[in-house]
Amino acid sequence: MTVTEAPVATRSSTPTVRRGRGTFRSRVLVPYAMLAPGIILFVAFMAAPIVYTLFLSFQKTKVSGLGLGSGARSTVFAGIDNYVTTLTNTEFGASVGRVLVYGFILIPLMLGLALLFALLLDSRRTRAAGFSRTAIFLPYAVPAVISSLLWGFLYLPAVSPFYFVFDKLGWDVPSLLSSGGVTFAIANIALWGGVGFNMIVMYTSLKSVPSDIYEAAKLDGASEIQIALRIKVPIIAPAIVMTALFSMVATLQVFAEPTTLRPLTNSLSTSWSPLMLVYRDAFTRDDIYSAAATSIVIALVTFAFSFLFLRVVQKRAFGQED
Amino acid sequence: MTTTLTPTRPDRAQRKAERASARTFRQKASPVSTGILIIGAIYCLFPVFWVLMASSKDSSELFSTFTLMPSTHLWDNIVQLSQYRDGLFWRWVLNTAIYAGVGALASTWISAISGYVLAKFEFPGKKVVFSILLMGVLVPGVILAIPQYFLLAEVGLTNTMWSVLLPQIISPYGIYLARIYAAASVPTEVIEASRTEGAGELYIFNRIALPMMGPGLVTIFLFQFVAVWNNFMLPYIMLGDDKLFPVTVGLSGLLNQGASAPSMYTLVITGALLSIIPLIILFLVLQRYWKVDLAAGAVKA
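Residues numbered from 1 in each chain as written. Chains lettered and ligands numbered in written order. Predicted model: local features only at pLDDT ≥ 70, side-chain atom pairs only at ≥ 80, totals over all residues. Heavy atoms only, no water.

As annotated in an unreviewed UniProt entry, chain B is Carbohydrate ABC transporter permease from Cryobacterium zongtaii. What the UniProt record of chain B gives under Subcellular location (unreviewed entry) is the line "Cell membrane". (UniProt positions renumbered as here; feature names shortened; annotations may be inferred.)

Student: Would you explain the overall build of chain A in this entry?
Tutor: Scanning chain A from N- to C-terminus turns up 14 helices and 2 strands. Relative to its 322 residues, chain A shows a buried fraction of 52%. Here the analysis covers contacts within chain A between residues at least 6 apart in sequence; of these, 68% occur between residues at least 24 apart. Carbon and sulfur atoms make up 65% of the accessible area of chain A, which totals about 15100 Å². (Helix = DSSP H or I, 4+ residues; strand = E, 2+ residues; numbered from the N terminus. Buried < 20%, exposed > 50% of the residue type's maximum accessible area, 1.4 Å probe, protein only. Contact = heavy atoms within 4.5 Å. Areas by Shrake-Rupley, 256 points an atom, 1.4 Å probe, with all protein chains shown as cover.)

Student: So what exactly am I meant to see when it comes to empty space enclosed by the protein here?
Tutor: One way to see where empty space is left: roll a probe the size of a water molecule over the atoms. All names here are of chain B. Applying the stated criterion across every chain, the model contains 2 cavities of 30 Å³ or more. If you trace the largest cavity, you find it lined by Thr96, Tyr99, Ala100, Val164, Gln168, Val228, Trp229, Asn231, Pro235, Pro246 and Thr248. Broken down by secondary-structure element, the contributors of at least two residues to the lining of the largest cavity are helix H5 (88–120) and helix H11 (201–230). With 3 residues, the top contributor of residues to the lining of the largest cavity is H5. Class assignment of the residues belonging to the lining of the largest cavity gives a composition of 7 nonpolar, 4 polar and no charged. (1 Å grid on protein atoms, 1.4 Å probe; cavity = no way out; pocket = protein on both sides within 12 Å on 5 of 7 lines; lining within 4 Å. Points joined across faces, edges and corners; volume = space filled by probe spheres on them. Nonpolar A, V, L, I, M, F, W, Y, C, P; charged D, E, K, R; others polar.)

Student: Just to check I follow, could you spell out the interface of chain A and chain B for this structure?
Tutor: Often the size quoted for an interface is simply the accessible area lost on bringing the parts together. At the interface, 102 residues of chain A touch 112 residues of chain B. One can count 0 salt bridges joining chain A with chain B. Counting across the chain A and chain B interface gives 11 residue pairs in polar contact (both at pLDDT 80 or more). Top element by residues in the side of chain A that touches chain B is helix H2 (residues 24–57) of chain A. It accounts for 21 residues. In terms of residue class, the side of chain A that touches chain B is made up of 73 nonpolar, 19 polar and 10 charged. (Salt bridge = Lys/Arg side-chain N within 4 Å of Asp/Glu carboxyl O. Polar contact = N/O pair within 3.5 Å; in protein donor to acceptor, adjacent residues only side chain to side chain.)

Student: Honestly, the environment of Val190 of chain B in this entry has me stumped. Any pointers?
Tutor: Residue and element names in this part refer to chain B. Within the element layout of this structure, Val190 appears in helix H10 (residues 188–196). Residue classification places Val190 among the partly exposed positions, given a relative accessible area of 27%. Sequence separation between Val190 and Ile208 is 18 residues; the distance between their C-alpha atoms is 8.4 Å. Apart from residues no more than four positions distant in its own chain, Val190 is found in contact with Ile208 and Met212.

Student: In this structure, what is going on with the packing of aromatic side chains? I would like to understand it.
Tutor: Note on aromatic pairs: each is described by the distance of the centres and the angle between the planes. Counting across every chain of the model gives 32 aromatic pairs over all chains. Ring geometry for Tyr116 of chain B against Phe205 of chain B: centres 5.1 Å apart, planes inclined by 45 degrees, an arrangement best described as tilted. In this pair, Tyr116 of chain B sits in helix H5 while Phe205 of chain B sits in helix H11, placing the two residues 89 residues apart along the sequence. Given the relative accessible area of 0%, Phe205 of chain B is considered buried. A network of ring pairs unites the aromatic residues Phe255, Tyr279 and Phe283 of chain A together with Tyr149, Phe150, Phe232 and Tyr236 of chain B as a single cluster. If you follow Arg179 of chain B out to its NZ or CZ, it ends over the ring of Phe130 of chain B, 4.2 Å from the centre. (Phe/Tyr/Trp six-rings, centres within 6.5 Å; stacked < 30°, edge-to-face > 60°. Lys NZ or Arg CZ within 6 Å of the ring centre and 35° of its normal.)

Student: Looking at this model, I keep getting lost on a nonpolar patch on the surface. Mind explaining?
Tutor: All names here are of chain A. There is a patch of nonpolar side chains on the surface, built from Leu100, Phe104, Val301 and Phe305 and spanning about 370 Å² of accessible area. At the level of elements, helix H4 (90–122) and helix H14 (288–318) are the ones that each hand at least two residues to the nonpolar patch. When you line up the elements, Leu100 lands in helix H4. Taking relative accessible area as the criterion, Leu100 reaches 34% and is therefore assigned partly exposed. (Patch = residues over 30% accessible without salt bridge, like charges linked within 9 Å, V, L, I, M, F, W, Y side chains within 5 Å.)

Student: How should I be thinking about unusual backbone geometry in this particular structure?
Tutor: Phi is mostly negative for residues that are not glycine, and the peptide bonds are mostly trans. Here Ala128 of chain A, not a glycine, exhibits a phi torsion of approximately 60 degrees, which is positive. Considering the arrangement of structural elements, one finds Ala128 of chain A in the loop between H4 and helix H5 (129–137). Of note, the phi angle at Asp86 of chain B is positive, near 55 degrees, even though the residue is not glycine. Residue position: Asp86 of chain B is located in the loop between helix H4 (74–83) and H5. Exposure remark for Asp86 of chain B: the relative accessible area of 79% places this residue in the exposed category.

Student: Help me understand the UniProt feature "transmembrane region" (unreviewed entry) in chain B, please; the structure alone is not making it clear to me.
Tutor: In the numbering used here, UniProt assigns the "transmembrane region" (unreviewed entry) feature to residues 32–53, 97–119, 128–150, 170–187, 208–229 and 264–286 of chain B. End-to-end, the C-alpha atoms of residues 264–286 of chain B are 33 Å apart, and along that stretch the chain is 100% helix and 0% strand.

Student: Is there a simple way to think about the packing of helix H8 (residues 182–207) of chain A against helix H2 (residues 31–54) of chain B in this case?
Tutor: Two quantities define a packed helix pair, namely the angle between the helix axes and the distance between the axes. At a minimum axis separation of 10 Å, H8 of chain A and H2 of chain B run at an interaxial angle of 110 degrees. Taken together, the axes of H8 of chain A and H2 of chain B lie roughly perpendicular to each other. Where H8 of chain A crosses over H2 of chain B, the two elements pack in a sense that is left-handed. When H8 of chain A is examined against H2 of chain B, the residues Asn188, Leu191, Trp192 and Val195 of chain A are found in contact with a partner set consisting of Tyr43, Cys44, Pro47 and Val48 of chain B. For the contact of H8 of chain A with H2 of chain B, the per-class residue count stands at 7 nonpolar, 1 polar and no charged. (Axes fitted to C-alpha atoms, helices over the stretch in contact; angles between N-to-C directions. Parallel < 35°, antiparallel > 145°, perpendicular 65-115°, else oblique. Left-handed = near helix turned anticlockwise from the far one by under 90°.)

Laid out in structure tokens, this is it:
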């Protein structure tokens, strides 16, 4: 998602249609009728699933007798049992740990490169910028499953041109699909798919800065690099914060890449990422109640992360503006 | 915060003018910065180049010849893929077009009308509605997929096209964007004037406001299109019948079979190539629209 400021539109003073003398029909019914499709879909596919998940997460199956026959299994209130199970589940902890490591590798690298590319695109001394911009943005058009397929083959020593070269050089490079390398393998796929998009967000933000600011700095004798670091980066800080936030949320939900890579490697378990664990619990183990509790925990952690991050960053980066 | 996809590609005249002005200010080219960007571009293009080469090989060549060496079997592979289970692959392509195309169109219209009402009408409960919708932006769609499955299972809609289409039509983010576009590009006087002339509200929206929001709506459409096309988990969970699969789920299934039958790999690779080509073309063609988006000033970028 790209992010740029648009303060005008959200201000409450935006002139709206005056309908002071309007009837109840035109004042209330018309707007709500026009909002109805959106509201109905929101309730059906966002609000209801969330409420239903909450409801499921407090239930469990009770087996009476031998568990045979139709009446032997019943659903009972479970209190916080499912949450306790989730939070004490070592598999869940391990999957969260893996995803954190993955995020620590991916996010700084992806945003750092995106920022570097955006600044270089913005520099007047760069040539072939149009070609590079299009090429770097192109992977955004490739869905995660297909990029995982492509990279998956590029990681396979039998097919990979990299291993062909390593082989000729006589180097013994361990496969990225081995258990030690697989986190890097997935991070690289996400980097490939995401760097261009984030670059465009930052570049768009850079373009909105009036260039006289730079001219003034240049007259004062600032070098291109100084201008980039001291002026450009702070100006586009809000865009960087938003890209970081979206990247963090995406990281916690990683699912498509590891799921697609699984057939190519033995080092990805069915619980590699938290969402893979939820999927396995819900569909392979038929334990929808603990899957529901785990989903709620993931959602809450995501929220907590986002809010915490925004607060910390806002204090640091924008505190002086108040 | 607004979102604008803006790989701007100025049209020819504009570009010429830019070049002319760039020449006046033209500074010494920096090989380092140009070089770094070119390396980035090569990194991004490399897998695409590889798949082009790999899909020209038959299944024995895939593992025996140097991987970047092209061969002559591209057409054979396409024929073979097309014959696979009576053209199942093309069925997947069609499904993807329906899910992403129809889904994104519906999503854009609903986002537009909701955003328009939220920007241009004054009604009780407006703030509450908007804040609740806004909270939806933060709810990760992937986490909703499993509960959506259970709810749709209750009404017997799982394993149908609806189960993939419907959940992806609502886009809080799209509504949020549409509200900004509507506020910025639809003048209140125009709405009031049409009203005095007796035009109905839906007519005003569809015929007057919608075209004014045009360039911004292309952005919403693109976002939603990419989001649906990228969403692997929802169809993966909802669909059991492989005739309903989108390309992504279909290819991932083929790759799974490849573990026991390596000849499948050729099909997977050819399928990957065929499914990214239209996307890349669409992407390059639509860059122009993203530029319109900027030039029209609908969004302050």
